Amino acid sequence: MAAPSNTKWGSTVGSYGRIGISVTLTNISNTQTKRHTEIWFWSKYGLSDSSNTFYYDDQSSTATTSKGSVNIRTTVTSGNGWSTSNQVKIAEYDYTWSRGTSASKKNVAAKLTGIERVGGTMTATTSYTIPAKPSYTIKYNANGGSGAPGNQTKWYGTTLKLSSTKPTRTGYTFQGWSTANDSSVEYASGANYTANSAVTLYAVWKVNTYTVSYDANGGSGVPGNQTKTYGVSLTLSSVIPTRTNYNFLGWGTSAGATTIAYAPGAAYTGNTALTLYAIWELAYTPPIIDGFTADRCEADGTLSDDGTYAKIAFDWTLDATYSGGIQSIMIGYKPATGDTYTDFRSECRIF
């Protein structure tokens, strides 16, 4: 029986013999690799010996551990020379390794001494590599956004915590990750990934929306709220509020606005929430005061330059469209440098 073709032979000793090591690896699962080691002796001539000492060490490049003696018998059937018929297996060992997240180099060493006629110590060493567990690449696609996380490596049988980095996209809010570019959320940022397969995760986005609300600003019949979608023009409500004795002019962006920002049914293209306030104008002309006079007078109304009373007289004109009538009249005064009027009626007599 000949040694396996992958046997690594040591140096020939005494021009007579040498030993070799054969290592065969078998991946018995995704997490375990079986190693089968065979130690072989090869002689140039026939011999028979059992008074030797055999040494073997795993995880070392030097054999120092004695395994006792081995029985060796070789014959040369015709002449002499390095015939494969003189190759003899003297030991074999099996070991199962657990595979990790990186490849691991291992050493094996053997030694045989005290062989008849060899007259020296034969040694052999070899190495082998236990492969890493299978790994899978997790990729991220921002799917229209930017700032996607970098790739991650998932090892067989272990749990990977997905990146907590969130991409961004103008006008959109990040929801999570999906295995398709047009599907719903399957994984949140930082979630556990347990599948033993490579995957590309696509960002799932929700378009931003903004509420447009209306304030009748003293009137009634205000339109209901509307929703503006990012990047999509919104047609404002055509509903017009009402207010007694006022005409609706349009919508402003503040309660005190007098400048029309939007007409009913206009397009709103902004990407922000907005409250629109009704802008009103009186539906009639305010009363007009004519022929105003103010004279000093006595208590009975007789005009007098020394009178301690004032006689006020005036005419007024109303807008014909105003149906409210005169509700009250106030006569007041304020200092030339003041801003506040004092009701004059408390200090004078009305005629």
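Our structure's up above, just so we're on the same page.
Source: prediction; values computed, not measured.

About the cut-offs
- Residues numbered from 1 in each chain as written.
- Predicted model: local features only at pLDDT ≥ 70, side-chain atom pairs only at ≥ 80, totals over all residues.
- Heavy atoms only, no water.
- Phe/Tyr/Trp six-rings, centres within 6.5 Å; stacked < 30°, edge-to-face > 60°.
- Helix = DSSP H or I, 4+ residues; strand = E, 2+ residues; numbered from the N terminus.
- Buried < 20%, exposed > 50% of the residue type's maximum accessible area, 1.4 Å probe, protein only.
- Salt bridge = Lys/Arg side-chain N within 4 Å of Asp/Glu carboxyl O.

*Asks:* Help me out: how do you make sense of the packing of aromatic side chains in this one?
*Replies:* Within a pair of aromatic rings, the relevant descriptors are the distance that separates the centres and the angle that separates the planes. Throughout the structure, instances matching the rule amount to 14 aromatic pairs. Seen in terms of ring centroids, Trp 9 and Trp 42 are 5.1 Å apart; in terms of plane orientation they differ by 50 degrees. Their pairing is tilted. Residue Trp 9 is found in strand 1 (residues 8-9), and its partner Trp 42 is found in strand 3 (residues 32-43); the two are separated by 33 residues along the sequence. Relative accessible area serves as the criterion here: at 23%, Trp 9 is assigned to the partly exposed category. Ring centres of Tyr 56 and Tyr 93 lie 4.2 Å apart, and the angle between their planes is 15 degrees; this geometry places the pair in the stacked category. Residue Tyr 56 is located in strand 5 (residues 53-58), and its partner Tyr 93 is located in strand 7 (residues 87-98); the two are separated by 37 residues in the primary sequence. We classify Tyr 56 as buried; its relative accessible area is 5%. The structure contains a cluster of three or more aromatic residues connected by ring pairs, namely Tyr 140, Phe 174, Trp 177 and Trp 205.

*Asks:* Would you mind going over the pattern of salt bridges with me for this structure?
*Replies:* Between side chains of opposite charge, a pair can form as their charged atoms come close. Applying the stated rule across the entire model yields three salt bridges. Residues Asp 58 and Arg 35 are paired through a salt bridge, measuring 2.1 Å at the closest nitrogen-oxygen approach. With Asp 58 in strand 5 and Arg 35 in strand 3, this pair connects stretches of sequence that are 23 residues apart. Under the relative-accessibility criterion, Asp 58 is labelled partly exposed at 25%. Residue Arg 35 is classed as buried on the basis of its relative accessible area, which comes to 2%. A salt bridge links Glu 92 to Lys 89; the nearest nitrogen and oxygen atoms lie 3.5 Å apart. For Lys 89, a relative accessible area of 31% corresponds to the partly exposed category. Several salt bridges converge on common partners, so that one network encompasses Glu 38, Lys 89 and Glu 92.

On their own, these measurements won't tell you what the molecule is for.
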